[in-house]
Amino acid sequence: MSDSAYVASSASAIPAAVPTTTVPSRDSARHSVLVRVTHWITTLCFFALLVSGVEIVISHPRFYWGETGNDLTPTLFKLPIPSSRDLVPTGYGYVLPDQNGWSRYLHFQAAWLMILTGFLYVIAILLNGHLQRDLLPGKSDRSWRAFSTAIASHLRFERPSAAEAWSYNLLQRLSYLFVIFVLFPLVIWTGLAMSPAFVSAIPASVNVLGGQQSARTLHFFVSLALVLFLLVHVGMVWFAGFRSRMRAMLTGK
Amino acid sequence: MSNLTRRKLITTGLAATAGAAGLGVAARLAEKYGLIPPDHGGFYGLGETLTYASQRLLTRHSFAREFSRSQISKPPFANEIPPQNDAFKRLQAGGFADWRLEVNGMVARPASFSLAQLKSYPSQSQITMVQCEEGWSYIAEWIGVPLSQVLQAVEVHPHARYVVYYSIDPDWWESIDMADALHPQTFLTYGMNGDELPVASGGPLRLRVPRQLGYKSVKYITRITATDSLKGFGKGLGSASPEGGYAWYAGI
């Protein structure tokens, strides 16, 4: 139990070539049950949100800035795709099947499940030390030098050391922290800022974003950032050894 | 037992207790305050119930944002409307002089209002946003009488929990709970941007529910029924929207 904490600190204290002797015994889990369960619930919800989000966007693939926007107002940008509604001037002579009904139900269902899972995860990692131990950069890594070294080694596509299978490296920690504490809160906020009922209770939530259409546009871009993270995340898992990383996140071993 | 294992046990125990207690409290609150939407059944029921219940608790008395006159959308936007039926065309030919709004159900004095009678109440106006579930929006000034005044005039029964409202198009009907029905911004609207309400925007009479998406603001209102249960209406899901696959509560 306590060895994993030991590894994390010793690995960061000796950045180069960590001796294999510090790798903990094989019977301790690489990922706790909590991390594994919340990870896969989040994965499931993310795909549900992505598919339903795309379906919702194609009913009006135009984006605006400010409070209002419609077919008569200028756009900030348009997605070059056909729409599922025939009023939208897309330049295409046909409409896509309209799937908004179930997409909207699914979007909010998945959002709720993901938010509840996220709360459970954040409270648990605050209490059990996972945040402190495995996500916040170690003391020796809190410098620009450590950061640039990590960037450089990533750019050289160095294969991760054996010890890195047992703890997150610096860039991994920073990107996970960014996703958990910046992108997820932002995507929830910009989503809520589109709700006429929610903003009636908390008008500042949409006013500071510049308006309801601004919130919609920002929601789109934060979602894009999350998709980008997903692609890099899966790419890195592939690069580090898909089978063993997948096994670790599924079984813990 | 190591410290970490004990901590884990305590954490898990606390989380489980909090979860169970939370569910118990939530169920009790939901029962007491009517926080369960009529379309709570089925696969998406959990999400719908959580959305409706949490927003009801948060927004029971809150006001939809109002905007300045300079923010009114120019040119005014009007969504596509279905072709008008013969009943509508006949009334339109008569300048809507024979348009009637029936108010019945759980009310002491069922009544039928002409547009002139509705206009005899002190008129109010609001500059609010219409947001479509598709993603577009516009701001307009809406002129009319708060639905609560009409409900007061017919003496709605204190046990009524919902108001069901019908368009002249028989396939188009919605309902809202009393929190929205009695809300000061829920208007029976007959004017827009300082003028008559155009047919394209729902004239001669539209029910504006500005704290929900546009599809709850039904055009061409002819009938309002107060009720304590939505079970006997259509398929019992609350309105035409869930029957067509859309959420009954659209505060999103």
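For the structure, check the block above.
Quick notes on the rules
- Residues numbered from 1 in each chain as written.
- Chains lettered and ligands numbered in written order.
- Predicted model: local features only at pLDDT ≥ 70, side-chain atom pairs only at ≥ 80, totals over all residues.
- Heavy atoms only, no water.
- Phe/Tyr/Trp six-rings, centres within 6.5 Å; stacked < 30°, edge-to-face > 60°.
- Lys NZ or Arg CZ within 6 Å of the ring centre and 35° of its normal.
- Buried < 20%, exposed > 50% of the residue type's maximum accessible area, 1.4 Å probe, protein only.
- Helix = DSSP H or I, 4+ residues; strand = E, 2+ residues; numbered from the N terminus.
- Pairing = 2+ DSSP bridges.
- Patch = residues over 30% accessible without salt bridge, like charges linked within 9 Å, V, L, I, M, F, W, Y side chains within 5 Å.
- Areas by Shrake-Rupley, 256 points an atom, 1.4 Å probe, with all protein chains shown as cover.
- Salt bridge = Lys/Arg side-chain N within 4 Å of Asp/Glu carboxyl O.
- Contact = heavy atoms within 4.5 Å.
- Buried area = accessible area lost by both parts, 1.4 Å probe.
- Polar contact = N/O pair within 3.5 Å; in protein donor to acceptor, adjacent residues only side chain to side chain.
- Nonpolar A, V, L, I, M, F, W, Y, C, P; charged D, E, K, R; others polar.
- 1 Å grid on protein atoms, 1.4 Å probe; cavity = no way out; pocket = protein on both sides within 12 Å on 5 of 7 lines; lining within 4 Å.
- Points joined across faces, edges and corners; volume = space filled by probe spheres on them.

Asks: Just to check I follow, could you spell out the packing of aromatic side chains for this structure?
Replies: Ring pairs (aromatic) are described by centroid distance and by the angle formed between their planes. With the rule as written, the count across this model stands at 25 aromatic pairs over all chains. Through pairs of rings, three or more aromatic residues link up here, namely F63, F77, F220 and F221 of chain A. The aromatic ring of F63 of chain A is capped on one face by R216 of chain A, whose charged end is 4.7 Å from the ring centroid. When the ring centre of Y166 of chain B is taken as origin, the NZ or CZ atom of R223 of chain B, which lies over that ring, is 3.8 Å away.

Asks: Explain the pairing of strand 3 (residues 124-131) of chain B to me, please; I cannot follow it from the model alone.
Replies: Across a regular strand the side chains alternate sides, sitting on one face of the sheet and then on the other. Residue and element names in this part refer to chain B. Counting buried positions along strand 3 gives six out of eight residues, so the element sits mostly inside the fold. Pairing geometry for strand 3 and strand 4 (residues 137-146), over eight bridges, is antiparallel. In the sheet register, Q124 faces strand 4, and the bridge partner there is G144. Counting the residues that bridge the hairpin from strand 3 to strand 4 gives five residues, and of these G135 lies at a positive phi of roughly 130°.

Asks: Looking at this structure, I do not really get a nonpolar patch on the surface. What am I missing?
Replies: All names here are of chain B. A cluster of nonpolar side chains, namely V25, L29, Y33 and L57, defines an oily patch on the protein surface of about 360 Å² accessible area. Ranked by the residues each element gives to the nonpolar patch, the list is headed by helix 1 (residues 3-33), at three residues. Among the structural elements, V25 can be located in helix 1.

Asks: Sorry, what's going on with the interface of chain B and chain A here?
Replies: Interfaces are often described in size by the accessible area the parts lose on coming together. Residue-level contacts link 52 residues of chain B with 42 residues of chain A. Both faces considered, chain B and chain A share a buried interface measuring about 3,800 Å² in area, 59% of it formed by carbon and sulfur atoms. If you sort the residues of chain B by the area they bury against chain A, Y44, R65 and E134 of chain B come out on top, with a joint share of 18%. Joining chain B to chain A, the criterion identifies three salt bridges. The partner of R85 of chain A in a salt bridge is E133 of chain B, and the shortest N-O contact between them spans 3.0 Å. Summed over the shared surface of chain B and chain A, the result is 23 residue pairs in polar contact (both at pLDDT 80 or more). Contributing elements (two or more residues each) for the side of chain B that touches chain A: helix 1, helix 2 (45-59), strand 3 and strand 4 of chain B. With 10 residues, helix 2 of chain B is the largest single contributor of residues to the side of chain B that touches chain A. Looking at side-chain class alone, the side of chain B that touches chain A contains 25 nonpolar, 18 polar and nine charged residues.

Asks: Got a minute to help me understand the layout of surface pockets in this structure?
Replies: Once rolled over the atoms, a probe with the size of a water molecule shows which space is left empty. Within this model, the second largest pocket holds a volume of roughly 1,300 Å³. Lining of the second largest pocket is provided by 38 residues; of these, L116 of chain A together with A15, A18, G19 and L23 of chain B occupy positions nearest its centre. Listed by contribution, the elements that provide at least two residues to the lining of the second largest pocket are helix 2 (33-57) and helix 3 (100-128) of chain A together with helix 1 and helix 2 of chain B. Looking at the lining of the second largest pocket, the element that brings in the most residues is helix 1 of chain B, giving 14 residues. Among the residues making up the lining of the second largest pocket, the classes are represented as 27 nonpolar, 10 polar and one charged.

In short, the description is geometric, and any link to function would need to be established separately.
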